[in-house]
Amino acid sequence: MHSTAVTIPLFSYLYPMRVTVIMPVYNKAPYLKEAIDSILGQTYTDFELLLIDDCSTDDSLGIMQGYNDPRIRLEQNEQNLGPGGTMNKAIQMAQGEYLVRLDADDWSPNNRIEVQVAYMDVHPEVGVCSGQVQCFGADNNVWNYPLTNDEAQASFLFTVPICQGASIIRKSVLVDHNINYGDVSQYIGEDRVLWFKLRTVTQFGNVPEIVLHYRRGEQNIAHDERFNRKEIRDNVFRFFFNELGIEVSDEELQLHHFVTKDFDYGLTATNVQKFKVWLERLRAINSERHLFPTKNFEQYLNKAWDSLFYKLPPYGSALVNAYFNCSKQKKREHVTYYRKYRINRLLGRAK
């Protein structure tokens, strides 16, 4: 039997330990113990758990203070910094070669760190990695993330290539390139900004295993009424386009939200046509400038257009006809779906 030697990068010896697990905490008392225990019970043992309380007003701090484990470091923010600001602080404090993130209302399988460290050790070209995610609570969907760097790199304008709560980051990549969460957004979308900054200095990857159980419910920060999610998403996408040197009008920016199935701008026949024009503009820009891997970018463009169809039937035949008129050909599955929808609506089984 032949063994494969693994070369450990020289910079790994600069860190006191292999892994720092970072858990920002803000008012997560009902779920916090489950999250902490899922880390303390890991099969991988060379880690510290850095808990940072972001000015919680519930019993989160008391729960953390109740632990007596030498692997835990507990820090309190003097003012609420949000997830992004807290992570910037944690990056400076972390002693590990790898930074593992876990949110305080989720939990990880007990082999998560072992699986991800093994992946990073044999892929020195990868600076950030996550994996597949099992949701629980409000739904039980599985969120799949791209396994290859090209697919991840091509996804930025359409979806999130890395799950923050399931991520592991090579700290040296952040330090060597002076990259942090910045100030575009500290509460929602801060992870997308970080991944975007990293895209030009490292590669991405995701393990095929489920490494995170993600709690879906009203406790998620996305439901926090303090924040205007639409405005934050606008800022994040505008940051992307500015960094790419792509000039976008306010109308194009609003149309781009259709890729995330956000139709606040108005799902009308005219906007369906304009969305197609916008996608074709992105296709032409990437063909000329090669901003993203061409094959994978084409796949995301096609998926964005293809998946839009299934949202249209409840809004009327005018939108469906506009979609068909903009398409090069009618897909059989779209025609079949629309026929079934109309039958179900006649029978009172669809809106």
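Before going into details, it helps to say that this report is about the structure given with it. Owing to the predicted nature of the structure, the values given are computational and were not obtained by experimental measurement.

Conventions and cut-offs
- Per chain, the residues get numbers from 1 upward, laid out in the order the sequence is written.
- Selection of residues for local features in this predicted model requires a pLDDT of at least 70, selection of side-chain atom pairs for listing and counting requires 80 or more, and totals for whole chains, interfaces and linings are taken over all residues.
- Only hydrogens and water are set aside when side-chain values are computed; all heavy atoms of the structure are taken into account.
- Helix numbers and strand numbers start at the N terminus; a helix is a DSSP run of H or I with at least 4 residues, a strand a run of E with at least 2.
- Radius of gyration here is computed from C-alpha atoms only, and the compact-globule reference equals 2.2 Å multiplied by the residue count raised to the power 0.38.
- Here, two residues are considered to be in contact whenever any of their heavy atoms come within 4.5 Å of each other.
- All accessible-area figures derive from a Shrake-Rupley calculation using a 1.4 Å probe, and residue coverage is judged against the displayed protein chains alone.
- Residue exposure (1.4 Å probe, protein chains only): buried if accessible area is under 20% of the type maximum, exposed if over 50%, otherwise partly exposed.
- Any pair of nitrogen or oxygen atoms within 3.5 Å is treated as a polar contact; in protein, a donor-acceptor pairing is required on top of that, and neighbouring residues in sequence qualify only through side-chain atoms on both sides.
- By nonpolar core we mean a set of buried residues, namely Ala, Val, Leu, Ile, Met, Phe, Trp, Tyr and Cys, connected to one another through side-chain atoms within 4.5 Å.
- For this analysis, a ring pair means two rings from Phe, Tyr or Trp (six-membered ring only for Trp) whose centres lie within 6.5 Å, classed as stacked if their planes differ by under 30 degrees, edge-to-face if by over 60, and tilted for the remaining angles.
- We define a salt bridge as a contact between a side-chain nitrogen of Lys or Arg and a carboxyl oxygen of Asp or Glu at a distance within 4 Å.
- At least two DSSP bridges between two strands are needed for those strands to be called paired.
- Whether a crossover is right-handed depends on one test, that the path from the first strand over the helix to the second runs clockwise when the strands point away from the viewer.

This part covers the overall build of the protein chain. Broken down by element type, the protein chain carries 13 helices and eight strands. Relative to its length of 351 residues, the protein chain is compact, with a C-alpha radius of gyration of 22 Å against a globular reference of 20 Å. Taking the principal axes of the C-alpha coordinates as reference, the protein chain spans close to 65 × 45 × 45 Å. Pairs at least 24 apart in sequence give 74% of the contacts found in the protein chain among residues at least 6 apart. Accessible surface, the protein chain as shown: approximately 17,100 Å² in total, 48% of it carbon and sulfur.

Within the secondary structure layout, Arg 283 lies in helix 10 (residues 269–289). Taking relative accessible area as the criterion, Arg 283 reaches 18% and is therefore assigned buried. A polar side-chain atom of Arg 283 sits 2.3 Å from a polar atom in the side chain of Glu 298. If near-sequence neighbours (up to four positions away) are discounted, Arg 283 is found in contact with Phe 297, Glu 298, Leu 301 and Asn 302.

Turning our attention to unusual backbone geometry. A positive phi is found at Asn 178, a non-glycine position, where the angle reads about 55°. For Asn 178, the position within the fold is in the loop between helix 6 (171–176) and helix 7 (190–198). Even without being glycine, His 290 reaches a positive phi, approximately 55°. Among the secondary structure elements, His 290 is positioned in the loop between helix 10 and helix 11 (294–308). His 290 sits in the exposed class, given a relative accessible area of 57%.

Moving on: the nonpolar core. Counting residues in hydrophobic clusters, the biggest one holds 62 residues, and the most contacted among them are Leu 157, Trp 195, Leu 198, Phe 241 and Phe 275. At seven residues, the largest contribution of residues to this core is made by helix 8 (residues 229–244). Residues Val 19, Phe 47, Val 100 and Leu 102 belong to the second largest nonpolar core, which totals 38 residues.

Before going further, it helps to spend a moment on the environment of Glu 252. Summarising the element assignment, Glu 252 is placed in helix 9 (residues 250–256). Measuring from C-alpha to C-alpha, the distance between Glu 252 and Trp 278 comes to 6.8 Å, with 26 residues separating the pair along the chain. With sequence-adjacent residues up to four places away left out, Glu 252 is seen in contact with Glu 247, Trp 278 and Arg 281. At a separation of 3.0 Å, a polar atom in the side chain of Glu 252 contacts the side chain of Arg 281.

Here we come to the environment of Glu 209. Assignment of secondary structure puts Glu 209 in strand 8 (residues 203–216). Residue classification places Glu 209 among the partly exposed positions, given a relative accessible area of 38%. Taking C-alpha positions, Glu 209 is 13 Å from Cys 163, a pair spaced 46 residues apart along the chain. For Glu 209, the contacting residues outside a window of four places in its chain are Val 115, Gly 131 and Gln 132.

In this section: the packing of aromatic side chains. Scanning all chains against the criterion turns up 21 aromatic pairs. Ring centres of Phe 196 and Phe 239 lie 6.0 Å apart, and the angle between their planes is 70°; on these two criteria the pair is classed as edge-to-face. With a gap of 43 residues between them, Phe 196 in helix 7 and Phe 239 in helix 8 connect regions that are remote in the sequence. Considering the side-chain rings of Tyr 310 and Tyr 337, the 4.9 Å spacing of their centres and the 85° angle between planes classify their relative orientation as edge-to-face. With a gap of 27 residues between them, Tyr 310 in the loop between helix 11 and helix 12 (317–326) and Tyr 337 in helix 13 (residues 332–346) connect regions that are remote in the sequence. You can call Tyr 310 partly exposed: its relative accessible area is 28%. Tyr 337 sits in the partly exposed class, given a relative accessible area of 34%.

Time to look at the pattern of salt bridges. The tally for this structure, following the rule as stated, stands at 17 salt bridges. Its salt-bridge partner being Arg 101, residue Asp 103 comes within 2.7 Å of it at the nearest N-O pair. Of the two residues examined, Asp 103 and Arg 101, each falls in the buried class. Ionic pairing is found between Lys 331 and Asp 306, a salt bridge with its closest N-O pair at 3.0 Å. With Lys 331 in the loop between helix 12 and helix 13 and Asp 306 in helix 11, the pair connects residues that are 25 residues apart, well separated along the chain. It is possible to trace a salt-bridge network through shared partners that takes in Lys 276, Glu 280, Arg 283 and Glu 298.

Moving on, we get to helix 4 (residues 112–122). Think of an α-helix as 3.6 residues a turn; residues three or four steps apart then line up on the same face. Helix 4 sits mainly inside the fold: eight of its 11 residues count as buried. Where helix 4 is concerned, the buried positions are Arg 112, Ile 113, Val 115, Gln 116, Val 117, Tyr 119, Met 120 and Asp 121. In the core, the buried residues of helix 4 are packed alongside strand 1 (17–25), strand 2 (47–53), strand 4 (96–101), strand 5 (126–137), strand 7 (168–170) and strand 8.

We now examine the pairing of strand 3 (residues 72–76). Relative to strand 3, strand 2 runs parallel, the two being bridged by five bridges. Counterpart to Leu 49 in the pairing with strand 3 is Ile 72. Crossover connection from strand 2 via helix 2 (residues 60–65) to parallel strand 3: handedness right-handed.

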